[in-house]
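The chain contents come next:
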Amino acid sequence: GLGHAIWCARDIVGDEPFAVLLADDLIKTDRPVLSEMVNKFDRMRASMVAVMEVEKDQTDKYGILNASDIENDIVKINDMVEKPDPEEAPSNLAIIGRYILTPRIFDFLGKKQKGAGGEIQLTDAMKHLLKEQPIFGYKFNGKRFDCGDKAGFQMANLAFALQRDDMK
Ligand code: G1P
């Protein structure tokens, strides 16, 4: 699972904060989401994930947050759960694939506990991290495409193609 993939990078990352980008989450925006998050990280010095609201019946596709608004575009995460059924979801605020994490996360990923879908989940490791360190959510501006989904991938191609001069 995702948690294991990240754990495999522990020796390359070393003892520093690092970013994770899930390439199937494509975000069309004027201001790249990760660079906005790096700016916020410099100020807040705490782990951070990109977040957006999803349809209530889609919560079982995402890490879902229990979070409190603290700034215009920042929430403080209180708890999180990976892919909950809609009736069990704490909200419809979902994690989208941009993360800045502190290296402490590797200790929790290294426990290799299986979570949703029998996979080692990054969300579960972040839930442990949350007991020791704050984690914030950044409500980004932009249109997100789920390129892990066939229709989402086609929509992304159309949206980016329509921006090109040779397609006008
Ligand atoms: C992963 C994460 C999930 C997150 C999602 C965003 O799930 O495990 O918490 O909300 O990416 O796209 P996946 O899409 O790999 O199943």
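Residues numbered from 1 in each chain as written. Predicted model: local features only at pLDDT ≥ 70, side-chain atom pairs only at ≥ 80, totals over all residues. Heavy atoms only, no water.

## Section: the pairing of strand E5 (residues 74-82)
Every other side chain in a regular strand lies on the same face of the sheet, so the side chains alternate between the two faces.
Thinking step 1. In this structure, strand E4 (residues 63-71) lies alongside E5, joined through eight bridges in antiparallel fashion. Following the sheet pairing, Ile 64 is matched in E5 by Val 81.
Thinking step 2. Two elements, E5 and strand E7 (residues 135-139), share three bridges in a ladder whose sense is antiparallel. Counterpart to Lys 76 in the pairing with E7 is Phe 136. (Pairing = 2+ DSSP bridges. Helix = DSSP H or I, 4+ residues; strand = E, 2+ residues; numbered from the N terminus.)

## So, the site of the ligand
Thinking step 1. Surveying the vicinity of the ligand reveals the residues Leu 2, Leu 22, Asp 25, Tyr 62, Gly 63, Glu 82, Lys 83, Ile 95, Tyr 99, Gln 121, Thr 123 and Arg 144.
Thinking step 2. A distance of 2.6 Å separates an oxygen atom of the ligand from a polar atom in the backbone of Ile 95.
Thinking step 3. For the ligand, whose unbound accessible area comes to 380 Å², protein coverage reaches 79%. (Near = heavy atom within 4 Å. Polar contact = N/O pair within 3.5 Å; in protein donor to acceptor, adjacent residues only side chain to side chain. Areas by Shrake-Rupley, 256 points an atom, 1.4 Å probe, with all protein chains shown as cover.)

## A look at the pattern of salt bridges
Should the charged atoms of two oppositely charged side chains come close, the side chains can pair.
Thinking step 1. Summed over the entire model, instances satisfying the criterion amount to eleven salt bridges.
Thinking step 2. Note that Asp 25 and Arg 144 form a salt bridge whose closest N and O atoms lie 2.6 Å from each other. Of this pair, Asp 25 sits in strand E2 (residues 25-28) while Arg 144 sits in strand E8 (residues 143-146), and the two are 119 residues apart along the sequence. The burial state of Asp 25 is the same as that of Arg 144; both residues are buried.
Thinking step 3. With its nearest N and O atoms 3.2 Å apart, the salt bridge here joins Glu 71 to Arg 43. A residue pair is termed long-range when its members are at least 10 positions apart, and Glu 71 in strand E4 and Arg 43 in helix H3 (residues 33-44) qualify at 28 residues. (Salt bridge = Lys/Arg side-chain N within 4 Å of Asp/Glu carboxyl O. Buried < 20%, exposed > 50% of the residue type's maximum accessible area, 1.4 Å probe, protein only.)

## Here's the deal with the nonpolar core
Thinking step 1. In this structure, Tyr 99, Ile 105 and Met 126 are the most contacted members of the largest nonpolar core, which totals 26 residues.
Thinking step 2. When residues of this core are traced back to their parent elements, those giving at least two are helix H1 (2-7), strand E1 (18-21), strand E3 (47-53), E5, strand E6 (93-101), helix H4 (105-109) and helix H5 (122-129).
Thinking step 3. Contacts of Met 126, omitting those with residues within four sequence positions, involve Val 49, Met 80, Ile 95, Tyr 99, Leu 101, Ile 105 and Ile 135. (Core = buried A, V, L, I, M, F, W, Y, C linked by side-chain atoms within 4.5 Å. Contact = heavy atoms within 4.5 Å.)

## Concerning helix H6 (residues 150-161)
Thinking step 1. For H6, spanning twelve residues, the distance from its first C-alpha to its last is 17 Å, which sits close to the expected 16 Å at 1.5 Å a residue.
Thinking step 2. Every buried residue belonging to H6 is among Gly 152, Ala 156 and Ala 161, and all of these are buried. Angularly, the buried residues of H6 cover 165 degrees about the axis, an arc narrow enough to put them on a single face. In H6, those exposed residues whose orientation departs by more than 90 degrees from the buried face are Lys 150, Gln 154 and Leu 158.
Thinking step 3. Next to the buried residues of H6 lie E2 and E8. (Expected span 1.5 Å × (residues − 1). Arc of directions from axis to C-beta.)

## Thoughts on the environment of Asp 25
Thinking step 1. When its relative accessible area of 6% is taken as the criterion, Asp 25 is described as buried.
Thinking step 2. Residues Asp 25 and Phe 153, 128 residues apart in the sequence, show an inter-C-alpha distance of 9.7 Å.
Thinking step 3. Discounting chain neighbours no more than four positions away, the residues touching Asp 25 are Ile 96, Gly 97, Arg 98, Arg 144 and Phe 145.
Thinking step 4. Separated by 2.6 Å, the side chain of Asp 25 and the backbone nitrogen of Gly 97 make a polar contact.
Thinking step 5. A distance of 2.6 Å separates polar atoms of two side chains, one belonging to Asp 25 and the other to Arg 144.

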